[in-house]
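Given next are the chains, with one letter for each unit.
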Amino acid sequence: MDSITFKTIQDSIKNLSYVQLKRLKHQADEQLAKDEVGQAVAEREETISACPHCQSESYLRWGVTNQGKQRYRCKDCRKTFSSLTGTALYRMRKPEKWMEYTNCLWLSNSLRNIANKLNINLKTAFEWRHRLLKSPCNHKATELLGIIEADEAFLPQSFKGSRQMPREPRKRGGGNTPKVPILLALDRGGSISHHVLERNTTDELGAALKPLLSPDSVLCTDGNLSYKTIVKELNINIDHKRLVALDNKRVIEGIYHIQTLNNFMMRWKSWMVRFKGVGTAYLEHYIAWFRFMEQKKATKTCCWIQEAFYKV
Ligand SMILES: [Zn+2]
C-alpha cells in the first residue's frame with residue numbers, strides 16, 4: 001500500500017469507537033500472525049548492522065520504501081538501502097504472494113500452474129523461481145569430510161529458456177543430442193556439492209572436485225581413470241577407493257561405496273522428469289532446488305524466504 005493511502009487509514013482510526021478499535025486490533029493481530037513473510041522481513045531488519053554498499057556502521061532511518069519497508073541512509077556513502085538490498089528479494093514485487101510461491105516450490109509446480117494459482121504472469125513465475133533458487137545454488141557444500149562419494153551425471157544439452165539458439169534446432173529423432181556432464185559429490189554427513197561442467201575431461205572434473213576434498217578423507221568413485229589422476233595430483237593425503245565395474249564390487253570393506261550418491265542422483269533425475277527438459281543454463285538451479293528440499297524438509301516453514309535474505 002502506498003504511504004498516502006496508509007496515512008488516510010491512520011487518520012481515520014481516530015474516528016473509531018472503542019468497540020470498533022478493539023475489533024480492528026483483533027483483525028490486525030490475526031493478519032500479523034498469518035504474515036510469515038512480513039515477520040521474516042521484520043526479524044531480518046533487526047539484524048541489520050552495516051550499510052550493504054560500503055559496510056559503514058553509521059546510518060539513519062530514512063522513511064519507508066514504496067512497499068512499506070524501513071529505509072535507511074548511510075552517513076558515509078549517502079546511499080539508501082532496505083533490509084533486502086543486495087538480496088534476491090530486492091525490488092521483488094507482490095510480497096503478499098511470496099509465501100504461496102514458496103509453497104509452489106515445495107510442490108515443484110510447473111510455471112503455468114503457478115501463474116494460474118497465484119494470478120501472476122508466466123514471466124514473473126519464471127523470474128521468481130530463479131531469484132529464489134539463486135541463494136540455495138550459492139550455498140552448495142564447499143568442503144566435504146570423511147567418506148566422500150563422487151560421480152558424474154549426464155543430461156541432454158538444452159537451450160530451453162535461452163533467448164537465442166546458438167545453432168540450428170535439431171530435427172526430432174535425428175542425431176545424438178550432446179550430453180552435459182555434471183559432477184556430483186557428497187559426504188555421509190549430508191553435505192552435497194554439484195558442478196555443471198562444459199566438458200567431461202579430467203581437468204574440468206579435477207577443478208571442480210579438488211577444492212571439495214579435505215585431508216585424510218576417503219574418496220569413493222567408480223572405475224573412471226580421471227579420478228585416479230586427480231587423486232595423484234593432490235598434495236593432501238586422500239585414500240581413494242575405486243569401485244571398478246569389472247570386479248563387480250559395489251561395496252568395499254562394508255562401507256566404501258557410491259550408492260548414497262547414486263540414489264540421490266536417481267531421486268533427482270526422476271523428480272526432473274516433470275519439467276520435460278531443463279535448459280542447460282538453469283541446470284545448476286534445478287539441482288540446488290532438489291538438494292535444498294531434501295536438506296530442509298524437516299524445517300519447512302519460511303526457509304525459502306530466509307534463504308533468500310543472503311546476499312547474492
Ligand atoms: Zn554506505
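The name recorded for the chain in an unreviewed UniProt entry is IS1595 family transposase, from Photobacterium lutimaris.

## Focus on the domain arrangement of the chain
For the chain, the assigned domains read domain 1 (88–138 + 295–312) and domain 2 (147–278). Computed from C-alpha coordinates alone, the two centres of domain 1 and domain 2 are separated by 27 Å. Contacts between the two partners involve five residues from domain 1 and, on the opposite side, six residues from domain 2. Interface area for domain 1 against domain 2, summed over the two sides, is near 390 Å², with a carbon-plus-sulfur share of 51%. Joining domain 1 to domain 2, the criterion identifies zero salt bridges. There are two residue pairs in polar contact (both at pLDDT 80 or more) connecting domain 1 and domain 2. For the side of domain 1 that touches domain 2, the per-class residue count stands at one nonpolar, three polar and one charged.

## Looking at the coordination of the zinc ion
Within the protein, the atoms that donate to the zinc ion are Cys51 (SG), Cys54 (SG), Cys74 (SG) and Cys77 (SG), at distances of 2.3 to 2.4 Å. Bound by four donor atoms, the zinc ion shows angles of 104 to 117° at the metal and therefore tetrahedral coordination geometry. For the zinc ion, the donor residues sit on a single chain with the sequence spacing C-x2-C-x19-C-x2-C. Pair noted here: Cys54 is in the loop between helix H3 (36–46) and strand E1 (59–64) and Cys74 is in strand E2 (residues 70–74), with a separation of 20 residues, a long-range link. For Cys74, a relative accessible area of 1% translates into the label buried.

## What about the packing of helix H5 (residues 111–118) against helix H6 (residues 122–138)?
Closest axis-to-axis distance for the H5/H6 pair is 9 Å, and the angle between their directions is 110°. One way to sum up the angle between H5 and H6 is to call them roughly perpendicular. For H5 against H6, the interelement crossing comes out right-handed. Between H5 and H6, the residues in contact are Leu111, Arg112, Ile114 and Ala115 and Leu122, Ala125, Phe126 and Arg129, respectively. A class-by-class count of the residues in the contact of H5 with H6 yields six nonpolar, no polar and two charged.

The rules we used
Residues numbered from 1 in each chain as written. Predicted model: local features only at pLDDT ≥ 70, side-chain atom pairs only at ≥ 80, totals over all residues. Heavy atoms only, no water. Domains from an automatic or database assignment. Contact = heavy atoms within 4.5 Å. Buried area = accessible area lost by both parts, 1.4 Å probe. Salt bridge = Lys/Arg side-chain N within 4 Å of Asp/Glu carboxyl O. Polar contact = N/O pair within 3.5 Å; in protein donor to acceptor, adjacent residues only side chain to side chain. Nonpolar A, V, L, I, M, F, W, Y, C, P; charged D, E, K, R; others polar. Donors = N, O, S within 2.8 Å, 3.2 Å for Na, K, Ca; no water. Tetrahedral: all angles 85-135°; square planar, octahedral: opposite > 155°, others 65-115°. Helix = DSSP H or I, 4+ residues; strand = E, 2+ residues; numbered from the N terminus. Buried < 20%, exposed > 50% of the residue type's maximum accessible area, 1.4 Å probe, protein only. Axes fitted to C-alpha atoms, helices over the stretch in contact; angles between N-to-C directions. Parallel < 35°, antiparallel > 145°, perpendicular 65-115°, else oblique. Left-handed = near helix turned anticlockwise from the far one by under 90°.

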